[in-house]
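# Examining the three-dimensional arrangement
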Amino acid sequence: MNSGIIKRLIAVNMLYVNPSSTNQIRKKGRKGKQVIRSIIQQYLLSGVIFLVIYGATMILIDFAKLPGYFTYYMALFALIGFSQSLSTIFNVFFESKDLQDYLPLPIKRGEVFIAKFLAVGMTIVPFLLPLLILFFLTAFKSGYSIVFAVIGAILLFLIFFILLFSLCSLIVFGMTKTKLFRQHKKLFTSLMLGFSMVVSVGGILAINFTQNSMDHSAGAADRGSLAIFMPFYQVMREPFTAKGILTFLALLALTGLLLLALRFFVVPSLYEQFSDEGSRTVATKRKRKSNQSLKKQLASYNHQLLKNPNLIMQVLTSSLIMPIVMVATMVTTNPVSLATLGTKFMGVFFVCGIVFAFITLNQTSFVSNLISLDRENFFFIQSLPLSLEKYLRQKFWVGCRIQMGISGVMGVLLALALHFPIALLLTFTAGILWGTYLLSLYFFSRDYRLLNLTWTNISQLFTRGVGNYGLMLWMFGTMIVGAILIALYVVAVLMNIHPVLLNGGVMIWLAILSGGWLWINHSNFWKKLNS
């Protein structure tokens, strides 16, 4: 094995780990080694942030006396690490599509795969670093010296990392060998990436909920332990007992077995598997519907544009993770019940729905990029004897309905969690749908104004115009302005102003503003399409 070649291959594969981040770095004018250095610095920074944030919360817990919480944290970071490895393996092994490029080069197969596996491993480690603190605290609080606690924590961390990485690789690559995966590759990939997002968000919420619900006093009650992670607790709690030593040896043996399985069952077949990827075509019969109208054909085409797994993953993570985390944090931190609120708050909840729609819809949403997803097909459609306005209106409603579904479902879940009365639930949902419609008109016309039909990575569409800083400003600005407006409205309601006059006046102003926006949008966008 040539260590120099492996280092260069690792650097190349680091570019595939997170294509969106790589493109952002390149846009800053960095090239060559500067890009690789920036990517590595980002992961180092992520590791430090994870250590500081989670370490600060974990240091308050006496894990030596609370095996339940020990196994809980292990399960949490195992899930986060597993979910991250799914998306990383997908990008490095599937999206890179570079294995065939190495065939004519004087590079051994082993060097290629070692580099790829190391690149994947380097991106998982930052999300597992809090386990170092977990292992160290357990040994130290059990009465062992700092030196032993540090060495033991590092050794057990390496064992856990290898176990997790090997198990994840065996699952993912084993699944990709199946005929079912090849027939439904997009579906399986979407499920894997969706699982990655859900687990990442769920991990943050679980930590937040645990810290808010736990009593850190000496007599704090433990939670139920997870048997699968108890061997790690035994090793750090009682390392020199017969049980501790046997458990440690068993973990070493299991690690060796998984590495052997990876070496003999996964690596040898990878080249064949990926070499066939480009030439293998699964025999599938395309379903054709006779006498299908043009409207239905275009609707089907627009839905097909949105079935790219990478697109779905990046849209959901870019536009929904922050709202989900913030809303769920609010619910779990200070759980409240709004079941006693009366109908005089109906106007307030309608405005809350509009603000909620503004939080969940931005430049990264489906409707905000649907025109640009046409790529070169857009020119072909323009050449047809087809009204561009009618085509874009149909495309708009495809994206708008999807966004209404996403925001609506999130809003209903929030309403159920906070026990909204049925009248307020209905007005809140109506506000979400109306706000989504108005804002979808803006972002859809923005997509046409900043049309990009030559993009190579979906992140290029997300950063058009104001870029990522504008996206963050939009999110936080919407929340701040929305919170101020809602607070003023609530104060007015509590001042016992006549509900009909107050809510009626607010609705009239909303109708005027909405009508003005609809007229502006029609005049500056839809009307010009026919000229």
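Everything below is about the structure shown above.
Summarised in this report is the structure supplied together with it. (Residues numbered from 1 in each chain as written. Predicted model: local features only at pLDDT ≥ 70, side-chain atom pairs only at ≥ 80, totals over all residues. Heavy atoms only, no water.)

From N to C terminus, the protein includes 21 helices and zero strands. Put simply, the protein has 531 residues, and 48% of those count as buried. Within the protein, contacts between residues at least 6 apart in sequence are counted, and of these 85% link residues at least 24 apart. For the protein, the computed accessible surface area is about 26,800 Å², with 69% contributed by carbon and sulfur atoms. (Helix = DSSP H or I, 4+ residues; strand = E, 2+ residues; numbered from the N terminus. Buried < 20%, exposed > 50% of the residue type's maximum accessible area, 1.4 Å probe, protein only. Contact = heavy atoms within 4.5 Å. Areas by Shrake-Rupley, 256 points an atom, 1.4 Å probe, with all protein chains shown as cover.)

Tallied over the full model, the rule gives three salt bridges. One salt bridge in this structure joins Lys395 and Asp374, with 3.1 Å as the shortest N-O distance. Note that Lys395 is positioned in helix α17 (residues 388–417) and Asp374 in the loop between α15 (346–360) and α16 (377–383), a separation of 21 residues in sequence. Residue classification places Lys395 among the buried positions, given a relative accessible area of 0%. The partner of Glu389 in a salt bridge is Arg393, with the nearest N and O atoms 3.1 Å apart. On the criterion of helical spacing, the pair formed by Glu389 and Arg393 is a turn pair, its members being four residues apart in helix α17. (Salt bridge = Lys/Arg side-chain N within 4 Å of Asp/Glu carboxyl O.)

Glancing now at the packing of aromatic side chains. Evaluated as defined, the whole model comprises 31 aromatic pairs. Between Phe444 and Trp526, the ring centres sit 6.0 Å apart and the planes meet at 15 degrees, which makes this aromatic pair stacked. Note that Phe444 is positioned in helix α18 (residues 422–449) and Trp526 in helix α21 (residues 499–529), a separation of 82 residues in sequence. We note that Phe444, like Trp526, is buried. (Phe/Tyr/Trp six-rings, centres within 6.5 Å; stacked < 30°, edge-to-face > 60°.)

We now examine the side chain of Thr478. Inspection of the secondary structure assignment puts Thr478 in helix α20 (residues 467–494). Separated by 2.6 Å, the side chain of Thr478 and the backbone oxygen of Trp474 make a polar contact. (Polar contact = N/O pair within 3.5 Å; in protein donor to acceptor, adjacent residues only side chain to side chain.)

Its location among the elements puts Phe127 in helix α5 (residues 109–128). Not counting the four nearest positions on each side in its chain, Phe127 is found in contact with Phe50, Phe77, Ile80 and Gln84.

Inspection of the secondary structure puts Gln403 in helix α17. Using a relative accessible area of 2% as the deciding quantity, one classes Gln403 as buried. Leaving out residues up to four positions away in the same chain, Gln403 has contacts with Thr360, Leu361, Ser365, Phe366 and Thr436.

As a further point, take α15. In this model α15 runs 21 Å from its N-terminal to its C-terminal C-alpha over 15 residues, within 8% of the 21 Å that 1.5 Å per residue would give. The buried fraction of α15 is high, at 13 of 15 residues. (Expected span 1.5 Å × (residues − 1).)

Let us now look at the packing of helix α7 (residues 146–176) against helix α10 (residues 230–237). At their nearest, the axes of α7 and α10 sit 11 Å apart, and the two run at 160 degrees to each other. The angle between the axes of α7 and α10 places the two elements in the roughly antiparallel class. The two elements α7 and α10 meet at a crossing, and its hand is right-handed. Note on element contacts: α10 touches α7 through Phe232, Val235 and Met236, opposite Ala149, Gly152, Ala153, Leu156, Phe160 and Leu163. Of the residues in the contact of α7 with α10, the class split is eight nonpolar, one polar and no charged. (Axes fitted to C-alpha atoms, helices over the stretch in contact; angles between N-to-C directions. Parallel < 35°, antiparallel > 145°, perpendicular 65-115°, else oblique. Left-handed = near helix turned anticlockwise from the far one by under 90°. Nonpolar A, V, L, I, M, F, W, Y, C, P; charged D, E, K, R; others polar.)

With that settled, consider unusual backbone geometry. Within the chain, Arg375 stands out as a residue other than glycine whose phi angle is a positive 55 degrees. Tracing the chain through its elements places Arg375 in the loop between α15 and α16. At His419, a position not held by glycine, the phi torsion is positive, near 60 degrees. Positionally, His419 belongs in the loop between α17 and α18.

Let us now look at the packing of helix α3 (residues 33–58) against helix α6 (residues 130–141). Remark: α3 packs on α6, axes separated minimally by 8 Å, with the N-to-C direction vectors making an angle of 30 degrees. Note on packing geometry: the crossing formed by α3 with α6 is right-handed. Residues Phe50, Leu51, Tyr54, Gly55 and Met58 of α3 form the contact with α6, whose participating residues are Pro130, Ile133, Leu134 and Leu137. A breakdown of the residues in the contact of α3 with α6 according to their chemical character gives eight nonpolar, one polar and no charged.

Taken together, Met472, Phe476, Ile480, Val481, Ile484, Leu485 and Leu488 make up a surface patch of nonpolar side chains, about 660 Å² in accessible area. Mapped onto the elements of the fold, Val481 is located in helix α20. (Patch = residues over 30% accessible without salt bridge, like charges linked within 9 Å, V, L, I, M, F, W, Y side chains within 5 Å.)

It is worth spelling out the environment of Met14 at this point. Note on placement: Met14 falls in helix α1 (residues 3–17). Expressed as a C-alpha distance, the spacing of Met14 and Val120, which sit 106 residues apart in the sequence, is 8.1 Å.

Moving on: α10. Of all eight residues making up α10, six are buried, and the element is well covered by its neighbours. When we look at burial in α10, the residues that qualify are Met230, Phe232, Tyr233, Gln234, Val235 and Met236.

As for its placement among the helices and strands, Gly224 is situated in the loop between α9 (185–213) and α10. Among the residues examined, Gly224 registers a relative accessible area of 61% and is labelled exposed. Along the sequence, Gly224 and Tyr72 sit 152 residues apart, while their C-alpha atoms lie 8.6 Å from each other. Look past the residues within four positions of Gly224 in its chain and what remains in contact with it is Gly68 and Thr71.

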